[in-house]
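So you can see what is in the structure, the chains are spelled out below.
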Amino acid sequence: MILSAFIWFTLAIVFLAGTNRVNIFSLGYLIGAFIFLWQGNDLYLRPVKVILRWWSFLIRYSVTVILIKAMLQILGCIFLREMQDHACWAVQLFGGAELIEELSHKQIQEQLEAERKILEKIKYKMGQDQSIAAESTGAKLQGAEQPF
């Protein structure tokens, strides 16, 4: 009884994987989940070989999606600017928008860190200039108080 309920949890996760992102790969997860959910408990009445064939197809689809997404991410890292400028439709279709957004956030963080370092150097130099100016002003005041 408990083990038979795990199929519904698994199908719920597959359904969530399909609805979590909006791309062409999610459509496959949605179709797979609906095929299993449509059959309901009648799925248990099918021959074991048929059930295993359907599950193995779903697993093969998942592995294929993982491999294709990994290859697309590699291509996205290499051709980021070209993909943004000339193939925006493909980026959206295959779910590369998350990659581009992630890389953009990373570039922004790196730029902010570089700017912070430059600002710290400027503050340090200004502090040095102020201390030199204070020393020279103090020396002039001491020289002015002493008679010639």
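Residues numbered from 1 in each chain as written. Predicted model: local features only at pLDDT ≥ 70, side-chain atom pairs only at ≥ 80, totals over all residues. Heavy atoms only, no water.

Q: What is the right way to read the nonpolar core from this model?
A: A general feature of soluble globular proteins is that nonpolar side chains tend to end up buried together. Of all hydrophobic cores here, the largest spans twelve residues; its members are Ile7, Leu11, Val14, Phe25, Tyr29, Ala33, Phe36, Leu43, Ile51, Trp55, Leu58 and Val65. Of all elements in the fold, only helix H1 (2-20), helix H2 (24-39) and helix H3 (48-78) reach the threshold of two or more residues within this core. For valine 65, the contacting residues outside a window of four places in its chain are Phe25 and Tyr29. (Core = buried A, V, L, I, M, F, W, Y, C linked by side-chain atoms within 4.5 Å. Buried < 20%, exposed > 50% of the residue type's maximum accessible area, 1.4 Å probe, protein only. Helix = DSSP H or I, 4+ residues; strand = E, 2+ residues; numbered from the N terminus. Contact = heavy atoms within 4.5 Å.)

Q: Where do I start with the side chain of serine 26 in this structure?
A: Tracing the backbone shows serine 26 in helix H2. Non-local contacts of serine 26, meaning those with residues more than four positions away in its chain, are made with Ala17, Gly18 and Arg21.

Q: What's the story with the pattern of salt bridges in this structure? I'm lost.
A: Any two side chains of opposite charge can pair, on the condition that their charged atoms come close. Tallied over the full model, the rule gives two salt bridges. For glutamate 113, the salt bridge identified is with arginine 116, shortest N-O distance 2.3 Å. With glutamate 113 and arginine 116 both in helix H6 (residues 97-145) and three residues apart, the pair spans about one turn of that helix. Under the relative-accessibility criterion, arginine 116 is labelled partly exposed at 37%. With a closest N to O distance of 2.3 Å, glutamate 120 and arginine 116 form a salt bridge. Of this pair, glutamate 120 and arginine 116 both sit in helix H6, four residues apart, roughly one helical turn. Residue classification places glutamate 120 among the partly exposed residues on the basis of a relative accessible area of 43%. (Salt bridge = Lys/Arg side-chain N within 4 Å of Asp/Glu carboxyl O.)

Q: Is there a simple way to explain the packing of aromatic side chains in this structure?
A: Describing an aromatic ring pair means giving the distance of the ring centres and the angle of the ring planes. Scanning the model with the defined rule gives five aromatic pairs in all. Ring plane angle 55° and centroid distance 6.2 Å describe the contact between phenylalanine 6 and phenylalanine 9, whose orientation is recorded as tilted. With a gap of three residues between them, phenylalanine 6 and phenylalanine 9 both fall in helix H1, about one helical turn apart. Looking at phenylalanine 6, the relative accessible area reads 44%, which means it is partly exposed. Of the residues examined, phenylalanine 9 reaches a relative accessible area of 53% and is grouped as exposed. Here phenylalanine 36 and tryptophan 54 contribute two aromatic rings whose centre-to-centre distance is 6.2 Å and whose plane-to-plane angle is 85°, an arrangement assigned as edge-to-face. With phenylalanine 36 in helix H2 and tryptophan 54 in helix H3, this residue pair connects regions lying 18 residues apart in the sequence. (Phe/Tyr/Trp six-rings, centres within 6.5 Å; stacked < 30°, edge-to-face > 60°.)

Q: Where do I start with H2 in this structure?
A: Each turn of an α-helix holds 3.6 residues, which means side chains three or four residues apart point in the same direction. For H2, with 16 residues, the first-to-last C-alpha span of 24 Å sits near the 22 Å given by 1.5 Å per residue. Looking at H2, one finds that the buried residues are Phe25, Ser26, Tyr29, Gly32, Ala33, Phe36 and Gln39. Following H2 by one or two positions, glycine 40 has its phi on the positive side, about 60°. (Expected span 1.5 Å × (residues − 1).)

Q: Help me understand a nonpolar patch on the surface in this model?
A: There is a patch of nonpolar side chains on the surface, built from Ile24, Leu27, Ile31 and Ile35 and spanning about 340 Å² of accessible area. Along the chain, the position of isoleucine 31 falls in helix H2. (Patch = residues over 30% accessible without salt bridge, like charges linked within 9 Å, V, L, I, M, F, W, Y side chains within 5 Å. Areas by Shrake-Rupley, 256 points an atom, 1.4 Å probe, with all protein chains shown as cover.)

Q: Which parts of the structure should I look at to understand the side chain of glutamine 39?
A: Looking at the element boundaries, glutamine 39 is found in helix H2. We classify glutamine 39 as buried; its relative accessible area is 16%. Not counting the four nearest positions on each side in its chain, glutamine 39 is found in contact with Arg46 and Trp54.

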